[in-house]
Amino acid sequence: MPINLSTEQKDLAETLDDVWSGIEPGHDAWPSIRELGLTEIPFPEATGGADGTFRDLTVVMTGLGRVLGSAPYFSSVVMAGLALLDAADRDTRAELLPGIVSGARTAALVCGPGIVTSAIRGEVAGERELSLTGVQHAVVDGESAELLVVVTHGPDGTELALVEGSAPGVRRSVGEQLDGTRQLATVEFDGATARRISGPDVASRLEEVRSRVLIALAAEQVGLARRCLEMAVEYAGTRQQFGRTIGSFQGIKHKLVDLLVAIELAEVTVLDASNGAERGCDESGTAEPGGTELAVRAAAARVLASRAAMTAAEEAIQVHGGIGFTWEHPLHHYFRRAKADQLLFGDEYPYVQSVGESLVLGREVTHEAQEGIRLTGAVGR
């Protein structure tokens, strides 16, 4: 599959730019997302979805990253929605997915940084019930979601459970936030009764979900980085110093070109990873597993996009000078989101190690990913 967007995907990206042009970071983008039917994209027709491709989803995530729109798209559609689609049992999918696909209901995935990991313990309370205990931090949109899809560990190993956000024994809170445009909550369970909803091979299925979630977040980071670069280039082309625009100075030129290289490498790696994330569905709507190299592609996308986003936010602030440090300028929102995204699923070292081990074992890793990880070690964070 080519590593570029189709004509339809380019049209979608342009449409999103038009619809979201001029909005401020943190603006509620959920009404427009539902109106455009974007919640339906990654789901098969059997669940009420649009049967779109995973790359279509990454186009939406990139668009949201450009404007830092506030919406439960990543939490409900990507994280919880794909977890239900890929890892829940058939009855649960039939019951819950139509509401999530339409955007009528929202859900949050309660899990640790590794998706399969979790600080929540589940004790058997009945044939189809678990009693949940434990505290999980950094749950995306965990306070506002109507449904909580919980990754839990118990006597039978990793399981998937479902509980209403307002159920007895569930406490949700939001503390001081690094990123004011995306809510991260602490969710505490104290004997909350949850429904067991695990499908077959739930642990391996959640590994697939983890890879797709990482790729989707990487697409958002690429959009964020691209927008930071655009703001820096625009400012450098108008700001005068010593009788010249600062963009004419070689030091600024080199800075912006290095940024462009890092972003292009991240973008092509995300596009390549989205190819591997495509998967079909059987007649019941159950997602078929992705390729064996999906985790490595997701790791490469994660590393390069995180470095590109963080570096772009930092360097854009430097190019803007004093105004870039003020609350009135939107760049501080981009810096905060870049840092929050960088930390959301743990340190980058395990992902770099995953790519490195694949190279040692002779597995396929794109040339762009190899070069990107090598080069951005010098210009990224």
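Residues numbered from 1 in each chain as written. Predicted model: local features only at pLDDT ≥ 70, side-chain atom pairs only at ≥ 80, totals over all residues. Heavy atoms only, no water.

## Details of the overall build of the chain
A count of helical and extended segments in the chain gives 11 helices and 9 strands. By its C-alpha atoms, the chain is 75 × 45 × 35 Å across when sized along the principal axes. Going through the 381 residues of the chain one by one, you find that 54% of them count as buried. Across the chain, the fraction of contacts at a sequence separation of at least 24, relative to all contacts at a separation of at least 6, is 75%. Surface exposure of the chain reaches about 15900 Å², of which carbon and sulfur atoms provide 51%. Charged side chains in the chain number 33 positive and 54 negative. The centres of these two groups are separated by 5 Å. (Helix = DSSP H or I, 4+ residues; strand = E, 2+ residues; numbered from the N terminus. Buried < 20%, exposed > 50% of the residue type's maximum accessible area, 1.4 Å probe, protein only. Contact = heavy atoms within 4.5 Å. Areas by Shrake-Rupley, 256 points an atom, 1.4 Å probe, with all protein chains shown as cover. Lys, Arg positive; Asp, Glu negative; His and termini not counted. Charge placed at Lys NZ, Arg CZ, Asp CG, Glu CD.)

## Focus: the packing of helix 6 (residues 202–236) against helix 8 (residues 294–320)
Close contact between helix 6 and helix 8 brings their axes to 7 Å; oriented N to C, the two are set at 25 degrees. By the angle class used here, helix 6 and helix 8 are roughly parallel. The handedness of the crossing between helix 6 and helix 8 comes out as left-handed. Here the contact of helix 6 with helix 8 is composed, by residue class, of 23 nonpolar, 4 polar and 3 charged. (Axes fitted to C-alpha atoms, helices over the stretch in contact; angles between N-to-C directions. Parallel < 35°, antiparallel > 145°, perpendicular 65-115°, else oblique. Left-handed = near helix turned anticlockwise from the far one by under 90°. Nonpolar A, V, L, I, M, F, W, Y, C, P; charged D, E, K, R; others polar.)

## Let's talk about the layout of surface pockets
Each pocket or cavity is described by its volume, and for the largest pocket that value is around 420 Å³. Around the largest pocket, the lining comprises 18 residues; the ones closest to its centre are L5, A13, V59, T62 and E267. Among the elements of the structure, helix 1 (7–19), helix 3 (54–67), helix 6 and helix 7 (250–277) are those that each provide at least two residues to the lining of the largest pocket. Split into classes, the residues belonging to the lining of the largest pocket amount to 8 nonpolar, 4 polar and 6 charged. Of the voids in this model, the second largest pocket is the one considered here, and its volume is about 260 Å³. (1 Å grid on protein atoms, 1.4 Å probe; cavity = no way out; pocket = protein on both sides within 12 Å on 5 of 7 lines; lining within 4 Å. Points joined across faces, edges and corners; volume = space filled by probe spheres on them.)

## Topic: empty space enclosed by the protein
Inspection of every chain in the model, using the stated rule, returns 2 cavities of 30 Å³ or more. Volume-wise, the second largest cavity comes out at about 40 Å³. As for the second largest cavity, its lining consists of D179, R182, L184, R337, A340, D341 and L344. In terms of residue count, helix 9 (residues 331–344) provides more of the lining of the second largest cavity than any other element does, 4 residues in total. Looking at the lining of the second largest cavity residue by residue, the class counts come to 3 nonpolar, no polar and 4 charged.

## Concerning the confidence of the model for the chain
When pLDDT is averaged along the chain, the result is 90, and 91% of the positions lie at 70 or above. Across residues 280–285, confidence stays below pLDDT 50; counting only partners more than four residues off in sequence or on other chains, it has 15 contacts. (pLDDT = per-residue confidence, 0-100.)

## Some remarks on the environment of F74
By secondary structure assignment, the location of F74 is in helix 4 (residues 73–87). Residue classification places F74 among the buried residues on the basis of a relative accessible area of 2%. With residues near it in sequence (within four places) discarded, F74 still touches M61, M79, V140, R182, V213, A216, L217, L344 and F345.

## Section: the side chain of T58
Structurally, T58 can be placed in helix 3. If we ignore the near neighbours within four places in the chain, the residues touching T58 are I215, A219 and S274.

## Observations regarding the pattern of salt bridges
Following the criterion strictly, the structure yields 21 salt bridges and no others. Note that E146 is salt-bridged to R105, the shortest N-O span being 3.6 Å. Pair noted here: E146 is in the loop between strand 3 (129–140) and strand 4 (147–154) and R105 is in the loop between helix 5 (90–102) and strand 1 (107–110), with a separation of 41 residues, a long-range link. Given a relative accessible area of 35%, E146 falls into the partly exposed group. Since its relative accessible area comes to 28%, R105 is described here as partly exposed. A salt bridge links E348 to R307, with the nearest nitrogen and oxygen atoms 2.7 Å apart. Placement of E348 in the loop between helix 9 and helix 10 (349–360) and of R307 in helix 8 is noted, with a sequence separation of 41 residues between them. (Salt bridge = Lys/Arg side-chain N within 4 Å of Asp/Glu carboxyl O.)

## Points about helix 9
For helix 9, with 14 residues, the first-to-last C-alpha span of 20 Å sits near the 20 Å given by 1.5 Å per residue. Those residues of helix 9 that fall on the buried side of the exposure criterion are L331, H332, Y334, R337, A338, A340, D341, Q342 and L344. The inward-facing, buried residues of helix 9 contact helix 3, helix 4, strand 3, strand 7 (184–196), helix 6 and helix 8. Taken from the residues just after helix 9, G346 is the one with a positive phi, measuring 90 degrees. (Expected span 1.5 Å × (residues − 1).)

## Things to note about the pairing of strand 4
Counted residue by residue, strand 4 has 8 buried out of 8 residues, so it is predominantly covered. Side chains L147, V149, V151 and H153 project from strand 4 onto one buried face, and the interleaved L148, V150, T152 and G154 project onto a second face that is buried too. Hairpin geometry of strand 4 and strand 5 (residues 157–164) is characterised by an intervening segment of 2 residues between the two adjacent antiparallel strands. (Pairing = 2+ DSSP bridges.)

## Re the packing of helix 7 against helix 8
Taken N-terminus to C-terminus, the directions of helix 7 and helix 8 make an angle of 155 degrees; their axes are 8 Å apart at the nearest point. Looking at the two axes, helix 7 sits roughly antiparallel to helix 8. You can see that helix 7 and helix 8 cross each other, and the crossing is left-handed. Here the contact of helix 7 with helix 8 is composed, by residue class, of 18 nonpolar, 4 polar and 4 charged.

## Quick word on the environment of A225
Within the fold, A225 resides in helix 6. If we ignore the near neighbours within four places in the chain, the residues touching A225 are I263, A308, A309 and A312.

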